[in-house]
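Below are the chains, spelled out letter by letter.
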Amino acid sequence: MKTKTPQITSVEFDILHQMLTEIRREVRDLKDGVHNRIDHAVKSVKDAFQGFGILDPEEEMWTEKQVCERYHVDRKTMYRHRKAGRITGYKSNKGTNSKISYRKADVIELFSTLNA
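Residues numbered from 1 in each chain as written. Predicted model: local features only at pLDDT ≥ 70, side-chain atom pairs only at ≥ 80, totals over all residues. Heavy atoms only, no water.

A. Looking closely at a negative patch on the surface. Among the surface-exposed residues, E22, E26, D29 and D32 lie close enough to one another that they form a single negatively charged patch. Note on placement: E22 falls in helix α1 (residues 10–49). Given a relative accessible area of 35%, E22 falls into the partly exposed group. (Patch = residues over 30% accessible without salt bridge, like charges linked within 9 Å, V, L, I, M, F, W, Y side chains within 5 Å. Areas by Shrake-Rupley, 256 points an atom, 1.4 Å probe, with all protein chains shown as cover. Salt bridge = Lys/Arg side-chain N within 4 Å of Asp/Glu carboxyl O. Lys, Arg positive; Asp, Glu negative; His and termini not counted. Charge placed at Lys NZ, Arg CZ, Asp CG, Glu CD. Helix = DSSP H or I, 4+ residues; strand = E, 2+ residues; numbered from the N terminus. Buried < 20%, exposed > 50% of the residue type's maximum accessible area, 1.4 Å probe, protein only.)

Structure (C-alpha cells):
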C-alpha cells in the first residue's frame, strides 16, 4: 500500500515558514537568556570567593615557601606529596636551586582532601 504525501498550498507553506521563524527566534531568545543567567551566576560565585585566597587572579601560583607558611607544613612534606604524585610542582629554572611553585587550585585541593 502506498500512502500519499499531503500537498500543501503556498499559503500554508508561508504560514508554516512564519511559525518556524517565530519558534527559531523564541528558542534563540531563550538560549541567550540562559547564557546570560549562567554568566551572571559564574560572576556571582567568583565575586563570592574573591578575597578568600581561592580565586584571586593575581595569585594563581604559590611558591613552596608560601604553601609551607599558609598550611604550616615543612618543605620535606611538600617533597613527599610531589613524589607520591598527589601534587605537581613547577620549577622556575632547570638548575638545582630553582624555586618550586604550585598551582593554587592544586594546593587547595590537596589539603582539603588530606583534611577530609
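Here the narrative resumes.
B. Spotlight on the sheet that holds strand β3 (residues 100–103). Spatially, the three strands line up as an open sheet ordered β1-β3-β2, and their pairing is antiparallel. Looking at which strands have only one partner, the edges of the open sheet turn out to be β1 (61–63) and β2 (90–91). Pairing geometry for β1 and β3, over three bridges, is antiparallel. Bridge pairing in β3 places T63 opposite S101. Relative to the sheet, helix α2 (residues 64–71) contacts β1 and β3, its axis offset from that of β1 by approximately 85°. Along the sheet, helix α4 (residues 104–114) makes contact with β1, β2 and β3, crossing β3 at roughly 75°. (Pairing = 2+ DSSP bridges. Contact = heavy atoms within 4.5 Å. Axes fitted to C-alpha atoms, helices over the stretch in contact; angles between N-to-C directions.)

C. The side chain of D106, seen in detail. The topology assignment puts D106 in helix α4. When near neighbours in sequence (up to four residues on either side) are disregarded, D106 contacts I87 and Y90.

D. Just a nonpolar patch on the surface, in detail. Residues I8, V11, F13, I15, L16 and M19 make up a contiguous nonpolar surface patch of roughly 570 Å² in combined accessible area. If you trace the backbone, F13 turns up in helix α1.

E. A look at the nonpolar core. Counting ten residues, the largest nonpolar core is built from W62, V67, C68, M78, I87, I100, Y102, V107, L110 and F111. Every element with two or more residues in this core is listed here: α2, β3 and α4. Residue contacts for C68: discarding those within four places in its chain leaves V73, D74, R75 and M78. (Core = buried A, V, L, I, M, F, W, Y, C linked by side-chain atoms within 4.5 Å.)

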